[in-house]
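# Descriptive structure summary
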Amino acid sequence: MENTTANHTYIKGWGIDADPENEPTYPMKKYTGDDHQRIHYQRPPLQQRTVEILHSNERPGVTAVFGTSTPPSGLSGAIRRYAFQYSEGSWGHWLPLILADRVNMVEGLVDDLKQGIIPNIWKERGWNAEWKYNRKGFVQKVVVAAAITTVAVMLLSGRKGRS
């Protein structure tokens, strides 16, 4: 923590807004005096950790507020834990997080099937809206996906026949 009582008067312009009589926004702002109380701000208590929280290795601790709705779990959680070993400025952080999102989607589908729920892929992927508002683009995606799938099947079935 920075010492807030240190003398910073050697910095040009330091404390320029400290004098309430010299308020540069005077005609536009209704002065209440609260602006000059911010240096006496008391930090509220931090949110308690009830689940595993992944945070940047560039920070000493977690942020004051964080989400706890879906703690890391399964293979996607292991990938996320791996990603948080790296700096936020590196590929080693972001690429595994993207992969973990994709793996988490598959884990969700498997969980649905385990519970006897058949996922409605058409709705979950937003294909109704895609068909309604971007029909040409949707048809292009389907054609490209079908072509790639056909080529992949042909290549894989050709290899089996040769061996």
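Residues numbered from 1 in each chain as written. Predicted model: local features only at pLDDT ≥ 70, side-chain atom pairs only at ≥ 80, totals over all residues. Heavy atoms only, no water.

### Quick look at the overall build of the protein chain
When helices and strands are counted, the protein chain shows five helices and zero strands. Along the protein chain, helices (α) and strands (β) appear in the sequence α-α-α-α-α when read from the amino end. A total of 163 residues make up the protein chain; the buried ones form 14% of that total. Contacts spanning at least 24 positions in sequence make up 27% of the contacts within the protein chain whose residues lie at least 6 apart. Of the roughly 14000 Å² of accessible surface on the protein chain, 60% is carried by carbon and sulfur atoms. (Helix = DSSP H or I, 4+ residues; strand = E, 2+ residues; numbered from the N terminus. Buried < 20%, exposed > 50% of the residue type's maximum accessible area, 1.4 Å probe, protein only. Contact = heavy atoms within 4.5 Å. Areas by Shrake-Rupley, 256 points an atom, 1.4 Å probe, with all protein chains shown as cover.)

### Section: the confidence of the model for the protein chain
Averaged over every residue, the pLDDT of the protein chain is 84; the share at 70 or more is 82%. Averaged pLDDT values over the elements of the protein chain bottom out at 88 in helix 3 (residues 121–124) and peak at 95 in helix 1 (residues 74–83). (pLDDT = per-residue confidence, 0-100.)

### A look at the side chain of glutamate 130
Mapped onto the secondary structure, glutamate 130 falls in helix 4 (residues 127–133). Under the relative-accessibility criterion, glutamate 130 is labelled buried at 18%. Dropping the residues within four chain positions of it, glutamate 130 is found in contact with Arg135, Gly137, Phe138 and Lys141.

### As for a nonpolar patch on the surface
Nonpolar side chains collect at one region of the surface, where Trp122, Trp131, Val139 and Val143 lie side by side and expose about 360 Å² of accessible area between them. Tracing the backbone shows tryptophan 131 in helix 4. (Patch = residues over 30% accessible without salt bridge, like charges linked within 9 Å, V, L, I, M, F, W, Y side chains within 5 Å. Salt bridge = Lys/Arg side-chain N within 4 Å of Asp/Glu carboxyl O.)

### With respect to helix 1
Among all positions of helix 1, only Ser76, Gly77, Ile79, Arg80 and Ala83 are buried. The arc that holds the buried residues of helix 1, viewed along the axis, is 160°, so those residues lie on one side. Opposite the buried face of helix 1, at more than 90 degrees from it, the exposed residues are Gly74 and Leu75. (Arc of directions from axis to C-beta.)

### Concerning the packing of aromatic side chains
Across all of its chains, the model carries five aromatic pairs by this definition. Between the aromatic rings of tryptophan 122 and phenylalanine 138, the centroid separation amounts to 5.6 Å while the plane-to-plane angle is 85°, which identifies the pairing as edge-to-face. Of the two residues, tryptophan 122 is situated in helix 3 and phenylalanine 138 in helix 5 (residues 135–162); the sequence distance between them amounts to 16 residues. The exposure class of phenylalanine 138 is buried, given its relative accessible area of 8%. (Phe/Tyr/Trp six-rings, centres within 6.5 Å; stacked < 30°, edge-to-face > 60°.)

### A closer look at the pattern of salt bridges
Considering all chains together, one arrives at three salt bridges under this definition. Between aspartate 101 and arginine 80 there is a salt bridge; the shortest N-O distance is 2.9 Å. In this pair, aspartate 101 sits in helix 2 (residues 91–114) while arginine 80 sits in helix 1, placing the two residues 21 residues apart along the sequence. Here glutamate 130 ties to lysine 141 by a salt bridge, and the two come within 3.3 Å at their closest N and O atoms. Taken together, the residues glutamate 130 in helix 4 and lysine 141 in helix 5 connect sequence positions 11 residues apart.

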